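Single-letter residue listing:
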Amino acid sequence: MTISKSQLGWSALIGIVSVAALAGIASIDRLDSFGIVLLPGALAAAVFFPQGIESDHGMAFLVLAAIFDVVLFVAIALFVFRMRGKILSRH
């Protein structure tokens, strides 16, 4: 089964908006625990920057973590779209 451009486009939009919204919510003092959802991207970025945000290239670490988070959310959204398509095609 191939991935259509519209599925990929919607998945990319959902991934970018989700990460941006979660980062915005996590920057609020009382809601900072929402940042735990963005931890997989930070863990993947830590492979390249073991010191994390305290490394010499802290901004590159944050950008790489955001990219990994977006890719993860895009993959999840694409999976949901494909499963939804399979279920709808049966009926």
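Described below are features of the structure shown in this document. Quantities reported herein were computed from a predicted structural model and do not represent experimental measurements.

Side note on the packing of aromatic side chains
And then number 1: Taken as a whole, this structure holds 2 aromatic pairs when the rule is applied.
And then number 2: On the numbers, 6.3 Å between centres and 10° between planes, the contact of Phe48 with Phe68 is stacked. Here the residue Phe48 occupies a position in the loop between α2 (39–45) and α3 (58–90), and Phe68 occupies one in helix α3, the gap between them amounting to 20 residues.
And then number 3: Arranged with centres 6.4 Å apart and planes meeting at 90°, the rings of Phe49 and Phe61 form a pair that is edge-to-face. Of this pair, Phe49 sits in the loop between α2 and α3 while Phe61 sits in helix α3, and the two are 12 residues apart along the sequence.

Examining helix α1 (residues 5–26)
And then number 1: The end-to-end C-alpha distance of α1, which contains 22 residues, comes to 31 Å, matching closely the 32 Å that a straight helix rising 1.5 Å per residue would cover.
And then number 2: Listing the buried residues of α1 in full gives Ser11, Gly15, Val19, Leu22 and Ala26. Buried residues of α1, seen end-on, are gathered within an arc of 70° and therefore sit on one face of the element. Structural note: α1 exposes Lys5, Trp10 and Ile16 on the side pointing more than 90 degrees away from its buried face.
And then number 3: Summarising the contacts, the buried residues of α1 are in contact with α3.

Some thoughts on α3
And then number 1: With 33 residues, α3 should reach 48 Å at 1.5 Å per residue; the first-to-last C-alpha distance of 49 Å fits that figure.
And then number 2: Along α3, the residues that are buried comprise Gly58, Phe61, Ala65, Asp69, Phe73, Val74, Ala77 and Leu78.
And then number 3: Elements in contact with the buried residues of α3: α1 and α2.

Criteria and cut-off values
Residues numbered from 1 in each chain as written. Predicted model: local features only at pLDDT ≥ 70, side-chain atom pairs only at ≥ 80, totals over all residues. Heavy atoms only, no water. Phe/Tyr/Trp six-rings, centres within 6.5 Å; stacked < 30°, edge-to-face > 60°. Helix = DSSP H or I, 4+ residues; strand = E, 2+ residues; numbered from the N terminus. Expected span 1.5 Å × (residues − 1). Buried < 20%, exposed > 50% of the residue type's maximum accessible area, 1.4 Å probe, protein only. Arc of directions from axis to C-beta. Contact = heavy atoms within 4.5 Å.

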